[in-house]
Amino acid sequence: MSGATIEEFLGYWESEGAHYVRRGDYDWMAAQIPPGRVLEIGCGPGFGTQALLRRGCEVLALESLPACIEASAARCGATGVSFEVGDVLDLNPAQLARMEAFSPVAVVCWLMGAPATVTGAAASDGGRAVVAYRERVHRAVAELAARLPSVHLLHVVDRTLIAWQAKDLGRDTLVNYHLGKTLSGLPFAATRSQALYRKMDDNTVNAAQGRKMTPALRGAMSGAVPVLASLLATRRN
């Protein structure tokens, strides 16, 4: 889990994020974005921001939790990055104007986790609150990217579970999902070549994870592995 409170979330991600850094996961995500101005939605404790800076990007990070901005600023320093306190689900005109003035070429939302106080997650809901939260955020991010005329690329990454042997079929599923929900009616397109999975480890769904699922979902996920699901969408001409 990512933690129920903001303090637990930050404590969890200081350890978990460092593990992803060692594995090269954040650099893998950043490598899909060309150097330039990037609007990052939800910087968390700054591991993704750091990878974008290493990539040669200039970053404006929008983050709703001041504690995360403090952690990210301490990790990344002051060069090449600025921060905006705000929630992508509730932006005001002044925040939108600052983002438009920044003129990002790409918007990234690497939704690796959030505290339960943000997602509304409860142990008894079978993960439904987290799914609903992610769908709302992804859609809001895509709508924001569409409103910013300088944006040509939209990159979303999420953690999920798939049967690894069916990953090629899963790429079509990932594209169709985002085209039908995240990008529906917006000036962005994506193909299966822009849908990527990266295995996070070699462990299948374990007993502790399984106990949190409904019986039907537990059966469907038997043999699944945790992955990063990445989709890079481009603005249509």
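A quick note: this is a predicted structure, and the numbers were derived from the prediction, not measured. (Residues numbered from 1 in each chain as written. Predicted model: local features only at pLDDT ≥ 70, side-chain atom pairs only at ≥ 80, totals over all residues. Heavy atoms only, no water.)

## Description of the overall build of the protein
Per the secondary structure count, the protein includes 10 helices and 8 strands. Within the protein, the fraction of its 237 residues that count as buried is 45%. Taking the intrachain contacts of the protein between residues at least 6 apart in sequence as the baseline, contacts between residues at least 24 apart amount to 71%. As presented, the protein carries roughly 11,100 Å² of accessible surface, and 55% of it is formed by carbon and sulfur atoms. (Helix = DSSP H or I, 4+ residues; strand = E, 2+ residues; numbered from the N terminus. Buried < 20%, exposed > 50% of the residue type's maximum accessible area, 1.4 Å probe, protein only. Contact = heavy atoms within 4.5 Å. Areas by Shrake-Rupley, 256 points an atom, 1.4 Å probe, with all protein chains shown as cover.)

## Re the packing of aromatic side chains
Counted by the stated rule, this structure contains 4 aromatic pairs. Plain terms: the ring middles of Tyr12 and Trp13 are 5.5 Å apart, the flat faces sit at 85° to each other, and that makes the pair edge-to-face. Residue classification places Tyr12 among the partly exposed residues on the basis of a relative accessible area of 24%. Between the aromatic rings of Trp13 and Tyr20, the centroid separation amounts to 5.5 Å while the plane-to-plane angle is 70°, which identifies the pairing as edge-to-face. (Phe/Tyr/Trp six-rings, centres within 6.5 Å; stacked < 30°, edge-to-face > 60°.)

## Notes on the packing of helix α3 (residues 47-55) against helix α4 (residues 66-76)
Where α3 contacts α4, the two axes come as close as 9 Å, and the packing angle between them is 35°. Helix-helix and strand crossings are classified by hand; for α3 and α4 the assignment is right-handed. The segment α3 lies against α4, with Phe47, Thr49, Gln50 and Leu53 engaging Ser72, Arg75 and Cys76. The residue makeup of the contact of α3 with α4, split by class, is 3 nonpolar, 3 polar and 1 charged. (Axes fitted to C-alpha atoms, helices over the stretch in contact; angles between N-to-C directions. Left-handed = near helix turned anticlockwise from the far one by under 90°. Nonpolar A, V, L, I, M, F, W, Y, C, P; charged D, E, K, R; others polar.)

## So, helix α7 (residues 128-147)
Along its 20 residues, α7 runs 29 Å from first to last C-alpha, staying within 8% of the 28 Å computed at 1.5 Å per residue. Three or more residues of α7 are buried, namely Ala129, Tyr133, Val137, His138, Ala140, Val141, Ala142, Leu144 and Ala145. (Expected span 1.5 Å × (residues − 1).)

## Here's the deal with unusual backbone geometry
The phi dihedral of Ser103 is positive, around 55°, even though this residue is not glycine. Topologically, Ser103 is positioned in the loop between α5 (93-102) and β4 (106-111). For Ser103, a relative accessible area of 34% puts it in the partly exposed group.

## Considering the nonpolar core
Ranked by internal contacts, the top residues of the largest apolar core, which has 36 residues, are Ile41 and Leu154. If one sorts the elements of this core by residue count, α7 sits on top with 7 residues. When near neighbours in sequence (up to four residues on either side) are disregarded, Ile41 contacts Leu62, Val88, Val107, Val108, Cys109, Trp110, Val141 and Leu144. (Core = buried A, V, L, I, M, F, W, Y, C linked by side-chain atoms within 4.5 Å.)

## Focus on the side chain of Ser230
Examined against the element boundaries, Ser230 turns out to sit in strand β8 (residues 225-235). Reaching out from Ser230, the side chain makes a polar contact with the side chain of His155 at a distance of 2.8 Å. When neighbours within four sequence positions are excluded, Ser230 is seen to be in contact with Trp28, Gln32, His155, Val156, Val157, Leu174, Gln194, Ala195 and Leu196. (Polar contact = N/O pair within 3.5 Å; in protein donor to acceptor, adjacent residues only side chain to side chain.)

## Some words on the environment of Val38
Here Val38 is to be found in strand β1 (residues 37-41). Residues Val38 and Ala106 lie 68 residues apart in sequence; the distance between their C-alpha atoms is 4.9 Å. If we ignore the near neighbours within four places in the chain, the residues touching Val38 are Ile33, Leu52, Cys57, Glu58, Val59, Leu60, Phe102, Pro104, Ala106 and Val108.

## Examining the environment of Ser184
Following the sequence through the fold, Ser184 ends up in the loop between α8 (167-180) and β6 (188-189). Looking at Ser184, the relative accessible area reads 35%, which means it is partly exposed. Each residue touching Ser184, except ones within four places of it in the same chain, is listed here: Arg139, His178 and Leu179.

## Concerning the pattern of salt bridges
Within this structure, the stated rule accounts for 11 salt bridges. The salt bridge involving Glu143 is made with Arg139; its shortest N-O contact spans 3.0 Å. You can see Glu143 and its partner Arg139 sitting in helix α7, 4 residues apart, about one turn around the helix. For Glu143, a relative accessible area of 37% corresponds to the partly exposed category. One network of salt bridges, with partners in common, ties together Arg23, Asp25 and Arg198. (Salt bridge = Lys/Arg side-chain N within 4 Å of Asp/Glu carboxyl O.)

## Observations concerning the side chain of Gln194
Relative to the helices and strands, Gln194 resides in the loop between β6 and β7 (195-199). On the basis of relative accessibility, which here comes to 17%, the residue Gln194 falls in the buried class. Other than its neighbours up to four places away in sequence, Gln194 contacts Ala189, Ser230, Leu231, Leu232 and Thr234.

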